[in-house]
Amino acid sequence: MAAESTASPAATVPPKVQGALTRYRVMAYVVGVMLLLLVFVAVPLRYAAGVPEVSAVVSPVHGFLYIVYLVAAFDLALKARFTAKGTVLVLLAGVIPFLSFWAERRVSVRVRAGQPL
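Thresholds, definitions, all that
Residues numbered from 1 in each chain as written. Predicted model: local features only at pLDDT ≥ 70, side-chain atom pairs only at ≥ 80, totals over all residues. Heavy atoms only, no water. Helix = DSSP H or I, 4+ residues; strand = E, 2+ residues; numbered from the N terminus. Rg over C-alpha atoms; globule rule 2.2 N^0.38 Å. Contact = heavy atoms within 4.5 Å. Phe/Tyr/Trp six-rings, centres within 6.5 Å; stacked < 30°, edge-to-face > 60°.

## Some remarks on the overall build of the protein chain
Within the protein chain one finds five helices and zero strands. Moving toward the C terminus, one meets the helices and strands of the protein chain in the order α-α-α-α-α. For the protein chain, whose C-alpha radius of gyration is 17 Å, the value lies well above the compact-globule estimate of 13 Å for 117 residues. Projected onto the principal axes, the alpha-carbon positions of the protein chain cover approximately 60 × 35 × 20 Å. Considering only contacts in the protein chain between residues 6 or more positions apart, those separated by 24 or more positions represent 73%.

Here you go:
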């Protein structure tokens, strides 16, 4: 019964911040997966196997999606009132493999808890 009386962490987040957080989370996963495809599939195929076609497709797709990620992350940073340092770190998380997944988890927990980033 104690679990029923406990408020959900997402319930304390204003709707505009919750929407921005959802968009950010989706883009963090999408950009993270695309970066992993680029680094661990497309680039090795290009340079080790001589197959540049995969890289020619994945690279611009990742680039475009990273721009969308930047917009989503910056929108969340404004609405959740991130510090300048926190904002820059979150924006850069989409360029290092696996970091976007870790950053997404950390950002989600802190935003839902109302803690500064």
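## Structural notes on the packing of aromatic side chains
A complete count under the given rule lists four aromatic pairs for this structure. Here Phe40 and Phe98 contribute two aromatic rings whose centre-to-centre distance is 6.0 Å and whose plane-to-plane angle is 45°, an arrangement assigned as tilted. You can see Phe40 sitting in helix α2 (residues 15-48) and its partner Phe98 sitting in the loop between α4 (84-92) and α5 (99-113), a full 58 residues away along the chain. Taken together, the aromatic side chains of Tyr24, Tyr66 and Tyr69 make up a single cluster linked through ring pairs.

Any functional reading would require information that these geometric values do not contain.
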